[in-house]
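For reference, the chains in residue letters:
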Amino acid sequence: MSVAHRPVKANAYQRRFPRTWWLANQRYLLFMVREVSSLFLAPFAVLYLVQIAVLAGGPDGYGGFIDATASPGWIAFGVIVLAFALVHSVTWMFQSASIFMQLGMLRAPRALLIVLGFLAWIGASVLVALVLLGGE
Amino acid sequence: MQWISRLEVLWWSLFAAGGTLAALLLPVHIFLNNVAAPLGWVSLRTDTYEMATSLLGNPLVKAYLIVLLALTMYHAVHRVRLLPEELLLPLHERAVGAFAYGLATAFAVAAIIIVIMAS
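This section reports on the structure supplied with the text. (Residues numbered from 1 in each chain as written. Chains lettered and ligands numbered in written order. Predicted model: local features only at pLDDT ≥ 70, side-chain atom pairs only at ≥ 80, totals over all residues. Heavy atoms only, no water.)

## Observations concerning the overall build of chain A
Across its full length, chain A holds five helices and zero strands. Computed over its C-alpha atoms, the radius of gyration of chain A comes to 23 Å, more than 25% above the 14 Å expected for a compact globule of 136 residues. For chain A, the proportion of its 136 residues judged to be buried stands at 32%. Counting only contacts in chain A whose residues sit at least 6 apart along the sequence, the fraction spanning at least 24 positions is 45%. Here chain A displays about 9,100 Å² of accessible surface, and carbon together with sulfur accounts for 68% of that area. (Helix = DSSP H or I, 4+ residues; strand = E, 2+ residues; numbered from the N terminus. Rg over C-alpha atoms; globule rule 2.2 N^0.38 Å. Buried < 20%, exposed > 50% of the residue type's maximum accessible area, 1.4 Å probe, protein only. Contact = heavy atoms within 4.5 Å. Areas by Shrake-Rupley, 256 points an atom, 1.4 Å probe, with all protein chains shown as cover.)

What follows is the structure, given as structure tokens:
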């Protein structure tokens, strides 16, 4: 008796997309902006670690580093990274609420989950600001 | 490079944890450290060597910074791994993944050493 096997690799039709598919409409573009926004968090993490590393150089080295942060280039970098970080935060709140609902982890309206996410963001930001603010 | 696929749960966990921490905490750090303080709008406890070393002398602050920076990097490199596929670039996903996660792990180790040794 012969046994029919499914082919190991189906020779199925695969639709080809242009590399600029994400420019096709606003939803795709927003998706790509969200994806790219995470990449801008990496240079901030590196520079923050560099700032901590400079502490090992003593007061003069650290003072020079802090003085250099007042340069227009540093501030422009900060504004650009902040813009992408905000995009990341806002899109992450919406995305997380959708994922929680899809996984059935929380039985609550999506709008409530989003609001709770934003409240957690505000609370965390206030806590960090309370710790960091208060210099001379 | 099968290990990249075998550790998929780990990469996703690090990605999700890093994405959540970055979403909650990074905007305020970036605003204060890279925009507001350099423009002179606020004074931070990291503005002078003495205050910064005092703040970093707290073990909780050290642990917080290590976790925040390391997980942020794991989150970012996960997107680096997926981006070539999304942009239909002819790059081997596992090779990009090995490079990206290797970079993030090296950064995490550097963060542990630098933050612990800082003060």
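On we go from here.
## Quick look at helix 3 (residues 58–68) of chain A
Those residues of helix 3 of chain A not exposed but buried are A:Gly58, A:Tyr62, A:Phe65 and A:Ile66. Here the buried residues of helix 3 of chain A occupy an arc of 95° about the axis, which is enough to place them on one side. Residues of helix 3 of chain A that are exposed and angled more than 90 degrees away from the buried face: A:Asp60 and A:Asp67. Residues of helix 3 of chain A that are buried sit in contact with helix 2 (41–54) and helix 4 (72–103) of chain A together with helix 3 (49–56) of chain B. (Arc of directions from axis to C-beta.)

## Quick word on the interface of chain B and chain A
Across the contact, 54 residues belong to chain B and 56 residues belong to chain A. Where chain B abuts chain A, roughly 4,800 Å² becomes buried across the two surfaces, and 74% of that area is made up of carbon and sulfur atoms. On the chain B side of the contact with chain A, B:Asn34, B:Tyr49 and B:Arg79 bury the most area, a combined 14% of that side's loss. Where chain B meets chain A, there are one salt bridge. One salt bridge in this structure joins B:Arg79 and A:Glu35, with 3.2 Å as the shortest N-O distance. At the junction of chain B and chain A, the tally comes to 15 residue pairs in polar contact (both at pLDDT 80 or more). Taken together, the elements giving at least two residues each to the side of chain B that touches chain A come down to helix 2 (8–36), helix 3, helix 4 (59–86) and helix 5 (93–117) of chain B. Broken down by element, the side of chain B that touches chain A gets its largest block of residues, 18 residues, from helix 2 of chain B. Grouping the constituent residues of the side of chain B that touches chain A by class yields 39 nonpolar, 11 polar and four charged. (Buried area = accessible area lost by both parts, 1.4 Å probe. Salt bridge = Lys/Arg side-chain N within 4 Å of Asp/Glu carboxyl O. Polar contact = N/O pair within 3.5 Å; in protein donor to acceptor, adjacent residues only side chain to side chain. Nonpolar A, V, L, I, M, F, W, Y, C, P; charged D, E, K, R; others polar.)

## Some words on the packing of aromatic side chains
Residue and element names in this part refer to chain A. Evaluated as defined, the whole model comprises 12 aromatic pairs over all chains. Relative to Tyr 48, the ring of Phe 44 lies with its centre 5.1 Å away and its plane at 25°, an arrangement referred to as stacked. With Phe 44 and Tyr 48 both in helix 2 and four residues apart, this pair spans about one turn of that helix. Assessed through its relative accessible area of 6%, Tyr 48 is described here as buried. Seen in terms of ring centroids, Phe 94 and Phe 118 are 6.0 Å apart; in terms of plane orientation they differ by 75°. Their pairing is edge-to-face. Within this pair, whereas Phe 94 is found in helix 4, its partner Phe 118 is found in helix 5 (residues 110–132), the two being separated by 24 residues in sequence. Judged by relative accessible area, Phe 94 falls into the partly exposed class, the value being 35%. (Phe/Tyr/Trp six-rings, centres within 6.5 Å; stacked < 30°, edge-to-face > 60°.)

## A word on unusual backbone geometry
With phi around 60°, B:Leu88 is a residue other than glycine that occupies positive phi space. Positionally, B:Leu88 belongs in the loop between helix 4 and helix 5.

## Regarding a nonpolar patch on the surface
Residues and elements named next belong to chain A. Together, Leu 112, Val 115, Leu 116, Leu 119, Ile 122, Val 126, Leu 127 and Leu 130 make up a nonpolar patch on the protein surface, roughly 780 Å² of accessible area in all. In this fold, Leu 127 is placed in helix 5. On the basis of relative accessibility, which here comes to 56%, the residue Leu 127 falls in the exposed class. (Patch = residues over 30% accessible without salt bridge, like charges linked within 9 Å, V, L, I, M, F, W, Y side chains within 5 Å.)

## Overview of the side chain of B:Thr72
Position of B:Thr72 relative to the elements: it lies in helix 4. Look past the residues within four positions of B:Thr72 in its chain and what remains in contact with it is A:Leu41, A:Ala45, B:Gly18, B:Ala22 and B:Leu26.

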